[in-house]
Amino acid sequence: MNYRTTVIIGAGQAGLAMSYELAARGIDHVVLERGQIANAWRQDRWDSLRLLTPNWQSRLPGGAYMGDDPDGFSSATDLAARLQGYAGEHKMPVETGIAVGSVVPGPAGYRVHTDAGALDCRNVVIATGACARPSLPALARELPRALPQFTTFDYKRASDLPKGGVLVVGGSATGLQLARELQRSGRQVILSVGEHVRAPRTYRGRDIQWWMDATGRMDDSYTAIDDIARVRRLPSFQLAGGADALDLNAVQSDGVEIVGRLAMIREGSALFSGGLRNHCALADLKLGRLLDGFDAWAEAEGIASALSPANRPSPTALVCEPRLSLRLGSGEIGSVLWATGFRPDHSFLDLPVFDRRGRLVHDGGIITGAPGLYAMGLPFMRRRKSTLIDGAGSDARDLAAHMLAQLTHAHAA
Amino acid sequence: MTTHGATPALDRPVPNGWPARAVRSLARAIGLGIPHAHPIPEKETPMNIQNDIQADNGVNVDALLGARDAISGMPEAGLFQWRATCEWQSGTHSRSTIGGFFGLGEEQPRNASFTIDADHPEQFAAGNAGATPVEIVLSALASCLAAGVASVAQNRGIQLRKVTAHVEGDMDMAGILGVDAEVRNGFNDIRVRFEIDADASDADIAAVVAQSQKRSAVFDIITNPSNVSVSVA
């Protein structure tokens, strides 16, 4: 039986950052990757996607951004190339084209079954990402069979969709980006929006991510957050990588029609919540508090006068009275696009590590009840930035240090 | 941080929420002490509010937060059933009686039952023995939101002095009278206008009102569809 001290599953930014930190500590390991390095970035995203974070912020351990466009936003292809280069530069032990079937208890700790045989190890790092599968509401199954449905994993470009209007469900970054893209392709888009988190691309002349980083919010620890379970479920900022503002006002000016949260499919109609105004009010108020905090920080740091004036985004305005229903068979829409979020896929873990909703139970990435098992890249796993490329390094450093301490302790005993 | 005196106010009624006795029995049933003080959730703490303000809106926030924690650990205790029994009186006059409910895993008696009369006004050739059912719906919405405002304000350390909600619902009678099949029976539009006198900024008051909608059962019932089944015994 082959043996490695540690098996990392997944060669995206999280798995590679972990490989870097393990190598720095002399921990023998292998990175197993089902496809190529940065596979999800190559395969599972749409063509127009740009990272939501500026290039300068994609700081990997031993791999700062060295390009000539630090304030630009990389495409998924560019990022994949960069990760490929990062793995090569540090001679990381990545084995591509190996799919993990299951992780089970084994004589050394765990046994990892792959399509190329089994591997025993002390530690497993799950670095398969928080966005491995589209997350669909149960009512997706209730749509008429004849109505084509797409997820963000099926969708690559507007021309993939049949002619006619599109119901886009989801008001976060993905939903707004794709609503705009589809509307601009000449299709009438109806965008269903529930609870959402509004954020401007820039504020007072600085990128939102600069603010989040400089004020220390990105480094907030999961241990300092009350009700971390709620915070981990929050939707993403409404953002696009690029100069254009992206919010409900902006997509409406492109002609997108906004409706409330999709609540039910009944008798061939989609029914939308009448609570849209409050969802918009909540997001505007929350945005106001975020920017108030930025202003207070800038004042305290003595840099407020060096920044542009504190011009606030206009409150969300609904251009027309939101409709409460849409007849799905009327021909008004030709397809539905679910932009209802992503979820991890940990189905390969044949271990008692899940809560009653099937979610991995962990304490900052250290999996509860399974010594030697670690996760990476989950929402607010150790820090607010845990899902960002910029968050992989510090989380990997913490978990690698924990792993080393456990190995040292076991050796001493 | 909200604090109460040495005697936790568990025997005070909790408006629009968890009957204090039920919360206490739940906490006892699952072996949890009800915390006397609870950290205010991060999202509910606007930056410019002093948490040491001793606000008292008559809401036992500690008990509510204790109930939240208890149900997080024992989800089935949170499954409730609310009921009303309605007796037709005469004409369009009916009287609903509201008594016990089910929750916390068992039947919960009430030491009082409540009655609500509903009727239609003289303009409908009726006896005007009570408010119309649709007005009762509007009043239920306002009551639920007002109770939410009080609870959220308490949790955020905001002292309320006066809260008034004016509710209006627009209805086209061509719907229920069957004049026009295109017109719905129910409200076309419902507006709630709050007047709130409190120790807080306009933005903080707006945030309290928004949060009360987010957590309001009646707001959800009105804004989202529900399946209703009606049978004859």
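Everything discussed here concerns the structure shown above.
So, a few notes on the structure that sits alongside this text. None of these values were measured; they are calculated from a predicted model.

**Description of the overall build of chain A**
Argument step 1. Each helix and strand in chain A was counted, giving nine helices and 23 strands.
Argument step 2. Each principal axis of the C-alpha atoms in chain A carries an extent, and together these give about 70 × 60 × 40 Å.
Argument step 3. Taken over 413 residues, chain A has a buried fraction of 53%.
Argument step 4. Long-range pairs, those at least 24 residues apart, make up 69% of the contacts in chain A between residues at least 6 apart in sequence.
Argument step 5. A total accessible area of about 17,600 Å² is found for chain A, and carbon and sulfur atoms account for 50% of it.

**Section: the interface of chain A and chain B**
Argument step 1. With 21 residues of chain A at the contact, the number on the chain B side is 24 residues.
Argument step 2. When chain A packs against chain B, close to 1,800 Å² is buried across both sides, 54% of that on carbon and sulfur atoms.
Argument step 3. Looking only at chain A, the three residues that lose the most surface to chain B are A:Asp226, A:Asn278 and A:Arg289, adding up to 29% of its buried area.
Argument step 4. Inspection of the region where chain A meets chain B yields two salt bridges.
Argument step 5. Taking the shortest distance from any N to any O, the salt bridge between A:Asp227 and B:Arg68 comes out at 3.7 Å.
Argument step 6. The tally of links from chain A across to chain B stands at six residue pairs in polar contact (both at pLDDT 80 or more).
Argument step 7. Looking at the side of chain A that touches chain B, the elements with two or more residues in it are strand S16 (262-266), strand S17 (269-272) and helix H8 (276-301) of chain A.
Argument step 8. Sorting elements by how many residues they give to the side of chain A that touches chain B places H8(A) first, with five residues.

**What about the environment of A:Leu16?**
Residue and element names in this part refer to chain A.
Argument step 1. On the secondary structure map, Leu16 appears in helix H1 (residues 13-24).
Argument step 2. Given a relative accessible area of 0%, Leu16 falls into the buried group.
Argument step 3. Contact partners of Leu16, with chain neighbours within four places excluded, come to Ala11, Ile37, Leu83, Tyr86, Ala87, Met92 and Val94.

**A word on the pattern of salt bridges**
Residues and elements named next belong to chain A.
Argument step 1. Taken as a whole and judged by the stated rule, the model has 35 salt bridges over all chains.
Argument step 2. Taking the shortest distance from any N to any O, the salt bridge between Asp160 and Arg157 comes out at 3.3 Å.
Argument step 3. Assessed through its relative accessible area of 28%, Asp160 is described here as partly exposed.
Argument step 4. With a closest N to O distance of 2.8 Å, Arg312 and Asp295 form a salt bridge. Remark: Asp295 occurs in helix H8 and Arg312 occurs in the loop between H8 and strand S18 (325-327); sequence separation between them is 17 residues.
Argument step 5. Sharing partners across several salt bridges, the network here consists of Arg204, Asp292, Asp295 and Arg312.

**Brief notes about the side chain of A:Glu257**
All names here are of chain A.
Argument step 1. Of note, Glu257 is situated in strand S15 (residues 257-259).
Argument step 2. Accessibility expressed as a relative area gives 16% for Glu257, which makes it buried.
Argument step 3. The contact partners of Glu257, leaving out residues within four places of it in the chain, are Gln188, Val189, Ile190, Leu191, Cys320 and Arg323.

**Considering the sheet that holds S18(A)**
Residues and elements named next belong to chain A.
Argument step 1. Judged by pairing direction, the sheet is antiparallel, and its three strands sit side by side in the order S16-S17-S18 without closing on themselves. In the strand order of this sheet, the two ends are held by S16 and S18, each with one partner. In this sheet, adjacent strand axes meet at a mean angle of 20° when their direction is disregarded.
Argument step 2. In the sheet, S16 pairs with S17 via four bridges, with the strands oriented antiparallel. The residue bridging Arg266 from the neighbouring strand is Ser269, located in S17.

**Things to note about the packing of aromatic side chains**
All names here are of chain A.
Argument step 1. Summed over all chains, the structure comprises nine aromatic pairs over all chains.
Argument step 2. Here the aromatic rings of Trp210 and Trp211 are separated by 5.1 Å at their centres, their planes lie at 80°, and the arrangement is edge-to-face.
Argument step 3. You can call Trp211 buried: its relative accessible area is 0%.
Argument step 4. Taken together through their ring pairs, the aromatic side chains of Tyr203, Trp210, Trp211, Phe294 and Trp297 make up a single cluster.
Argument step 5. One residue, Arg45, lies across the ring of Trp41, its end atom 5.9 Å from the ring centre.

**Section: the pairing of S17(A)**
Residues and elements named next belong to chain A.
Argument step 1. Both faces of S17 are covered, namely the face carrying Ser269 and Leu271 and the face carrying Ala270 and Phe272.
Argument step 2. In this antiparallel pair of consecutive strands, S16 and S17, the connection spans two residues, and Glu267 shows a positive phi of 50°.
Argument step 3. Summarising the sheet, S17 and S18 pair through three bridges and their orientation is antiparallel. Following the sheet pairing, Ala270 is matched in S18 by Leu326.

Cut-offs used in this document
- Residues numbered from 1 in each chain as written.
- Chains lettered and ligands numbered in written order.
- Predicted model: local features only at pLDDT ≥ 70, side-chain atom pairs only at ≥ 80, totals over all residues.
- Heavy atoms only, no water.
- Helix = DSSP H or I, 4+ residues; strand = E, 2+ residues; numbered from the N terminus.
- Buried < 20%, exposed > 50% of the residue type's maximum accessible area, 1.4 Å probe, protein only.
- Contact = heavy atoms within 4.5 Å.
- Areas by Shrake-Rupley, 256 points an atom, 1.4 Å probe, with all protein chains shown as cover.
- Buried area = accessible area lost by both parts, 1.4 Å probe.
- Salt bridge = Lys/Arg side-chain N within 4 Å of Asp/Glu carboxyl O.
- Polar contact = N/O pair within 3.5 Å; in protein donor to acceptor, adjacent residues only side chain to side chain.
- Pairing = 2+ DSSP bridges.
- Axes fitted to C-alpha atoms, helices over the stretch in contact; angles between N-to-C directions.
- Phe/Tyr/Trp six-rings, centres within 6.5 Å; stacked < 30°, edge-to-face > 60°.
- Lys NZ or Arg CZ within 6 Å of the ring centre and 35° of its normal.

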